[in-house]
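# Fold and contact review
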Amino acid sequence: LIRFVIGMAPLCVRFKACVPVAFVCLLLSSSWLASGSRLSGGLGLGLEELKVPLAAKPLGGAPPVVLWHGMGDTYSSSGMSEIADTIKSLTGGAFVYSVRISDDASKDREFTFLGDMNAMLAQVCDDLAKIPELQDGFNAIGFSQGGQFLRAYVQRCNKPRVKNLVTMGGQHMGVSNYPGCLGNNPVCRTVRALLELGAYNPAVQKRVVQAQYFRDTAQYDVYLRESIFQADINNERSQKNATYKENLLSLQHLVLYEFQDDITVVPRISSLFGEVVNGHVIPYNETDLYKEDWIGLKGLDDTGRLFLGVVPHAVHMQINLDWFKKNVIQQWFV
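Residues numbered from 1 in each chain as written. Predicted model: local features only at pLDDT ≥ 70, side-chain atom pairs only at ≥ 80, totals over all residues. Heavy atoms only, no water.

### Some words on the packing of helix H6 (residues 117–129) against helix H7 (residues 145–156)
Packed helices, taken two at a time, are described by their axes: the angle between them and the distance between them. The geometry of H6 relative to H7 is characterised by a closest axis approach of 10 Å and an angle of 65 degrees between their N-to-C directions. Here H7 runs roughly perpendicular to H6, going by the angle between their axes. Crossing hand, H6 versus H7: right-handed. Contacts between H6 and H7 pair Met117, Asn118, Leu121, Cys125 and Leu128 from the former with Phe149, Ala152, Tyr153 and Arg156 from the latter. Residue composition of the contact of H6 with H7, by class: 7 nonpolar, 1 polar and 1 charged. (Axes fitted to C-alpha atoms, helices over the stretch in contact; angles between N-to-C directions. Helix = DSSP H or I, 4+ residues; strand = E, 2+ residues; numbered from the N terminus. Parallel < 35°, antiparallel > 145°, perpendicular 65-115°, else oblique. Left-handed = near helix turned anticlockwise from the far one by under 90°. Contact = heavy atoms within 4.5 Å. Nonpolar A, V, L, I, M, F, W, Y, C, P; charged D, E, K, R; others polar.)

In structure tokens, the structure reads:
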């Protein structure tokens, strides 16, 4: 939090927003950090199955699995550990690696809020390339913002390569509001004001992770010019990176889940590559990203390798473990 305040100092001086910054710190220390603790196996929600054919069991046992946790969580939290243990149990002992920016759990949590996502992704690419158990490829699950970060790994690095990628409540088309702040209370008003003033401020872009996937369709030209992460991985600029499309098309399957009652991801449809423009909801297959196939999404869809699902009556990152076993682990990883 101290680093966050320091990082936001340019805004404090320029916009006289010292008190608003304090509100943001309060938000970080309460509702945002709580988002990492909701990954649970015992909430008992009735979740909808993704009705697709079962993936064939690979010869020689199940491939390794890489996990990337979400905002406010850590690689070694109880929720992530439970997921890892469950995968090992159902796959006959598959190797599981949980992505971390630091081995220190408290610092790993801090890096979910503060840091340069491009530098952190480069570190993860290097880390995964050095793990012997992953060299023949692996399956991957991204939780919340870990979903688009793993997709970025596929597009930018993919050595070793990802076989099946599942994302749970990811922000593939960015967010138009900081997570979970929809009300008209002082904190939410302050957060929105700071975003309007500084989301694309270079100092904020380099320091605040969530600002790096903030996508304001009302300021789309500014977003394209100033975004240091999201606009790039979505290949939204005029000059396209052909490698991004080629790498994403190398996936066996891309599986996307949206939480039906999600108020953390705004707009919620971002989890399924949809967007909201001028108040109109645009589904994934009507976006320019899809129709012009900037990253290979349409190619995956046309070849039957893109699957979309909705987790009904569930808020962000509320996952029933029994459903998760059947519809993610057994469906795609066994």
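### Structural notes on the side chain of Asn164
Mapped onto the fold, Asn164 is located in strand S4 (residues 162–168). Only 2.7 Å separates the side chain of Asn164 from the side chain of His253, close enough to count as a polar contact. (Polar contact = N/O pair within 3.5 Å; in protein donor to acceptor, adjacent residues only side chain to side chain.)

### A closer look at the pattern of salt bridges
Considering all chains together, one arrives at 10 salt bridges under this definition. We note a salt bridge from Glu258 to Arg268, for which the minimum N-O separation is 3.4 Å. Taken together, the positions of Glu258 in strand S5 (residues 253–259) and Arg268 in the loop between S5 and strand S6 (275–277) put the pair 10 residues apart, joining distant regions of the chain. The closest approach of N and O atoms between Lys325 and Asp322, which form a salt bridge, is 3.9 Å. Residue Lys325 and its partner Asp322 are located together in helix H15 (residues 321–333), separated by 3 residues, close to a single helical turn. Note on Asp322: relative accessible area 53%, which makes it exposed. Among the charged side chains, a network of salt bridges with common partners joins Arg215, Glu236 and Glu275. (Salt bridge = Lys/Arg side-chain N within 4 Å of Asp/Glu carboxyl O. Buried < 20%, exposed > 50% of the residue type's maximum accessible area, 1.4 Å probe, protein only.)

### Let's talk about the sheet that holds strand S3 (residues 138–143)
Strand order across the open sheet formed by 6 strands is S2-S1-S3-S4-S5-S8, with parallel pairing between neighbours. Two strands lie at the open edges of the sheet, namely strand S2 (96–98) and strand S8 (306–311), each paired on one side alone. Averaged over all adjacent pairs, the angle separating strand axes in this sheet is 15 degrees, with direction ignored. Here S4 pairs with S5 via 5 bridges, running parallel. Pairing of Leu165 across the sheet is with Leu254, part of S5. Against the sheet, helix H4 (residues 78–90) contacts strand S1 (65–68), S2 and S3, and its axis sits at roughly 165 degrees relative to S1. Strands in contact with H6 are S1, S2 and S3; relative to S1, the strand with the most contacts, it is inclined by about 160 degrees. (Pairing = 2+ DSSP bridges.)

The values reported here are purely geometric and, on their own, carry no functional implication.
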